[in-house]
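Coordinate analysis (summary)
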Amino acid sequence: MLELKFIREHPDLVRDGIRKKGETDRVDEILKLDVRRREILGNAEALKNTRNRVSEEIGRLKKNKQDAAGPISEMEKVKQSIKALDEEFAGVESELNSLLLNVPNLPHPSVPEGKTPAENQEIASWGDEPEIDFEPKPHWDLVSKLDIIDFERGVKITGAGFPLYKAGGARLQRALINFFLDEASARGYTEIQPPLMVNAASATGTGQLPDKEDLMYTVPKDELFMIPTAEVPVTNIHRDEVLVEDDLPLKYCAYTPCFRREAGSYGKDVRGLNRLHQFDKVELVKIAHPGVSYNELDSLRGDAEELLKKLGLRYRVLLMCTGDMGFTQTKKYDLEVWSPGQKRWLEVSSVSNFEAFQARRMNIRFKSRGGGKPEFVHTLNGSALALPRIMSALIEQYQTPEGKVVIPKILHRYTGFKVIG
RNA sequence: GGAGAGGUGGGUGAGUGGCUUAAACCAACGGUUUGCUAAACCGUCGUAUGGGGUCAACCUGUACCGAGAGUUCAAAUCUCUCCCUCUCCGCCA
């Protein structure tokens, strides 16, 4: 969320950002409530000041065994007025708060303005269209023949979007997870195994709540949410903490399953591994000094790209336009891998800077070396990488005419085999 | 799930209704001393927010002692509800 003070002082900047993101502009309502809020506050505080002074006086009188009945009955009236003002204040404040929670983060100046995915900018690419001298099959054909991913039985056990990985498929996925985690550790990320369910405070901190509740699976009896990404528990590690400047940036990596309800998709978008309700992901999270967060964003993106290069997968990098970027981000890159069997790009990573947006909600601050007031940190994260689409790209790119899959060399020591089928 | 004990600033930890503007210590920061390090000594030091101002550094109000409600002229302190932690018991991979 943005600071009320910032909105008060730069309403036009905020309006502009809201417009670029295509969100609803309620700045005027916010400013109006803000004025009202301060009005009430001023009145209530003046009365409380009276109460404090007179109460002290009463204490003194009683101590000296003097009569205090006059001031006491006077204060009884003041007490009623304070109560009324406090109640009004609480009402205004909660209304204001829910408006503030719905103000999106403002896009960074370097982000192109646009409304639809068509306006995202391709800013880098790596690798060529792989040379396959036969008609490459989509992964869902290959994995069924090889019997390494079982979609039908996943449906039986749970439902659509919950596939069952088997034998070489299970093994390949585990190999990729280990590979990703080892690479992240080598780059200085501390490995975390977080809880897979979070409470409402954590989900609010990263921005899933209040308005994206429908994307998450819930556990109503215990008021918990299945995590849609490791971003939620990992970024919340330091909620309500004051960090030491010298410790920044904090870098974490975590492998977790992710659970998403993702209502409303259809057709080829959900075919095979393209869109699932449960999938695996290795996530990178950084908690950074505000002065360097955009450098950290670029190096985070580099860390994710390196994995694709090592796997030899063709990919491109998109800089997301203002309208396609999401509520909480200031700048976001998507990494898309080429799927030869489907002849399309698949998003495998999304790398974002949130600046202080999440930090403010989570109250994560740092104290600088020279003392001074605590400041909010910047939070960043990126997938490195989302497993299912890497699985499909990899299986499609390294397929043979006989329908086998050749494993890239770098994974051999993780899989223990060189070919599936 | 049952019983008991607790939750106080960055940390440890005093504080049972009114000189508490939350003691003290540690950490941190600034300074003095010093050939260097260490130590010692002196000083500064919670957060949020309103108002004023010679608009970052000053003055002033208010709130905050796990969360919320209540009693009272007055609550860290008393009452109730909830959350969490610890110890013991039960259950359990």
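Everything quoted here is computed from the prediction, not taken from an experiment.

The helix and strand inventory of chain A stands at 13 helices and 18 strands. Projected onto its principal axes, the C-alpha coordinates of chain A cover approximately 100 × 45 × 40 Å. Side-chain charges in chain A split into 61 positive and 64 negative, and the spacing between the mean points of these groups amounts to 3 Å.

So, about helix α12 (residues 387-397). In terms of burial, α12 is a largely internal element, 11 of the 11 residues being buried. Looking at α12, one finds that the buried residues are L387, P388, R389, I390, M391, S392, A393, L394, I395, E396 and Q397.

Looking now at the domain arrangement of chain A. Domains assigned within chain A are domain 1 (4-101) and domain 2 (117-420). Look at where the C-alpha atoms of domain 1 and domain 2 centre, and you get two points 44 Å apart. Between domain 1 and domain 2, the residue contacts involve 4 residues of the former and 9 residues of the latter. Together, the buried faces of domain 1 and domain 2 total about 570 Å²; carbon and sulfur atoms form 55% of this surface. Per-class residue counts for the side of domain 1 that touches domain 2 are 1 nonpolar, no polar and 3 charged.

The full count for this structure, using the stated rule, is 6 aromatic pairs. With a centroid separation of 6.0 Å and 20° between ring planes, the pair formed by W126 and Y315 is classed as stacked. Pair noted here: W126 is in strand β1 (residues 121-126) and Y315 is in strand β11 (residues 315-319), with a separation of 189 residues, a long-range link. On the accessibility criterion, W126 (31% relative accessible area) is partly exposed. With relative accessibility at 1%, the residue Y315 sits in the buried group.

What follows concerns the environment of P112. By the secondary structure assignment, P112 is in the loop between α4 (69-101) and β1. Here P112 falls in the buried class, since its relative accessible area comes to 12%. For the pair formed by P112 and P233, sequence separation is 121 residues and the distance between their alpha carbons is 31 Å. Sequence-distant contacts of P112, that is, excluding residues within four places in its chain, are made with Q121, L319, M320, C321 and T322.

With that settled, the discussion passes to the layout of surface pockets. Reported here for the largest pocket is a volume of approximately 1300 Å³. As for the largest pocket, its lining consists of 48 residues, of which R260, E262, K332, E347 and S350 are closest to the centre. For the lining of the largest pocket, the leading source of residues is strand β13 (residues 344-353), giving 5 residues. Its residues assigned to classes, the lining of the largest pocket comprises 15 nonpolar, 17 polar and 16 charged.

Our next topic: the pattern of salt bridges. Tallied over the full model, the rule gives 23 salt bridges. With a closest N to O distance of 2.8 Å, R19 and D16 form a salt bridge. Of this pair, R19 and D16 both sit in helix α2 (residues 11-21), 3 residues apart, which is roughly one turn of that helix. Here the residues in one salt-bridge network are D16, R19, K20 and E113, joined through shared partners.

What follows deals with empty space enclosed by the protein. Within the structure shown, the criterion is met by 1 cavity of 30 Å³ or more. A volume near 60 Å³ is recorded for the largest cavity. Around the largest cavity sit F180, E183, A184, R187, Y189, V282, L284, D303, L307 and A384, which together line it. Of all the secondary structure elements, the ones that give two or more residues to the lining of the largest cavity are α7 (167-186), β10 (278-288) and α10 (293-311).

Looking now at the sheet that holds strand β7 (residues 224-226). Ordered in space as β5-β7-β6, the 3 strands form an open sheet in which the pairing is antiparallel. Edge positions in the sheet fall to β5 (197-198) and β6 (218-219), since each has one partner strand and no second. Where β6 and β7 come together, 2 bridges link them in antiparallel fashion. Within the sheet, the bridge partner assigned to V219 lies in β7 and is L224.

Looking now at the sheet that holds strand β12 (residues 331-339). Strand pairing in a sheet relies on backbone hydrogen bonds, with the paired strands running either antiparallel or parallel. Taken in spatial order, the 8 strands of this open sheet run β1-β11-β12-β13-β16-β10-β9-β4, and their pairing is mixed. The open sheet has two edge strands with one neighbour each: β1 and β4 (190-192). Strand-to-strand, the axes of this sheet are offset by a mean angle of 25°, without reference to chain direction. Across the sheet, α10 lies against β1, β10, β11, β12, β13 and β16 (378-386), angled at about 5° from β16, the strand it touches most.

On to the protein's contact with RNA strand B. In the neighbourhood of RNA strand B, 22 residues make up the surrounding shell, with R8, R38, E45, N49 and S55 lying closest. In RNA strand B, atoms within 4 Å of the protein come 73% from sugar and phosphate. Between RNA strand B and R51 there is a distance of 3.3 Å, counted from a phosphate oxygen to a side-chain nitrogen or oxygen. Within the contact set of RNA strand B, a phosphate oxygen lies 3.2 Å away from a side-chain nitrogen or oxygen of N52.

So, on to the pairing of β16. β16 sits mainly inside the fold: 9 of its 9 residues count as buried. Where β10 lies against β16, 7 bridges are found, and the strand directions are antiparallel. Within the sheet, the bridge partner assigned to K286 lies in β16 and is L380. By the bridge criterion, 3 bridges tie β13 to β16 in an arrangement that is antiparallel. Bridge pairing in β16 links V351 to G382.

Here is what the cut-offs are and how they apply
- One numbering rule holds for all chains: residues counted from 1, following each sequence as written.
- Labels follow written order: the first chain is A, the first ligand is 1, and so on.
- Confidence filtering applies because this is a predicted model: local features only for residues at pLDDT of at least 70, side-chain atom pairs given and counted only at 80 or more, and all residues used for totals across whole chains, interfaces and linings.
- Only hydrogens and water are set aside when side-chain values are computed; all heavy atoms of the structure are taken into account.
- We count a stretch as a helix when DSSP gives it H or I for four or more residues in a row; a strand needs E for two or more, and each element gets its number in order from the N terminus.
- Charge counting follows a simple rule: Lys and Arg are positive, Asp and Glu are negative, and His as well as the terminal groups are ignored.
- All charge positions are set by atom: Lys at NZ, Arg at CZ, Asp at CG, Glu at CD.
- Whether a residue is buried, partly exposed or exposed follows from its accessible area with a 1.4 Å probe, protein chains only, as a fraction of its type maximum: under 20%, in between, or over 50%, in that order.
- Domain start and stop points were drawn from an automatic or database domain assignment.
- Here, two residues are considered to be in contact whenever any of their heavy atoms come within 4.5 Å of each other.
- Here's the idea: put two parts together, see how much 1.4 Å probe accessible area each one loses, and the total over both is what we call buried area.
- Residues are grouped as follows: nonpolar covers Ala, Val, Leu, Ile, Met, Phe, Trp, Tyr, Cys and Pro; charged covers Asp, Glu, Lys and Arg; every other residue, Gly included, is treated as polar.
- Under the pairing criterion, centres of Phe, Tyr and Trp rings, with the six-membered ring standing for Trp, must be within 6.5 Å; the plane angle then separates stacked pairs below 30 degrees from edge-to-face pairs above 60, leaving the rest tilted.
- Only protein atoms enter the calculation, which uses a 1 Å grid: trapped sets of points that fit a 1.4 Å probe without letting it out are cavities, open sets showing protein on both sides within 12 Å along at least five of seven lines are pockets, and any residue with an atom within 4 Å of a point is a lining residue.
- Grid points are joined across faces, edges and corners, and a volume is the space filled by probe spheres set on the points.
- Salt bridges are defined as contacts in which a side-chain nitrogen from Lys or Arg sits within 4 Å of a carboxyl oxygen from Asp or Glu.
- At least two bridges found by DSSP between two strands is the condition for calling them paired.
- Lines fitted to the C-alpha atoms define the axes, with helices restricted to the stretch that makes contact. Angles between their N-to-C directions range from 0 to 180 degrees.
- It suffices for a single heavy atom of a residue to lie within 4 Å of a molecule or strand for the residue to be listed as near it.
- Nitrogen and oxygen atoms within 3.5 Å of one another constitute a polar contact, given that in protein one can donate a hydrogen and the other can accept it, and given that sequence-neighbouring residues count only through two side-chain atoms.

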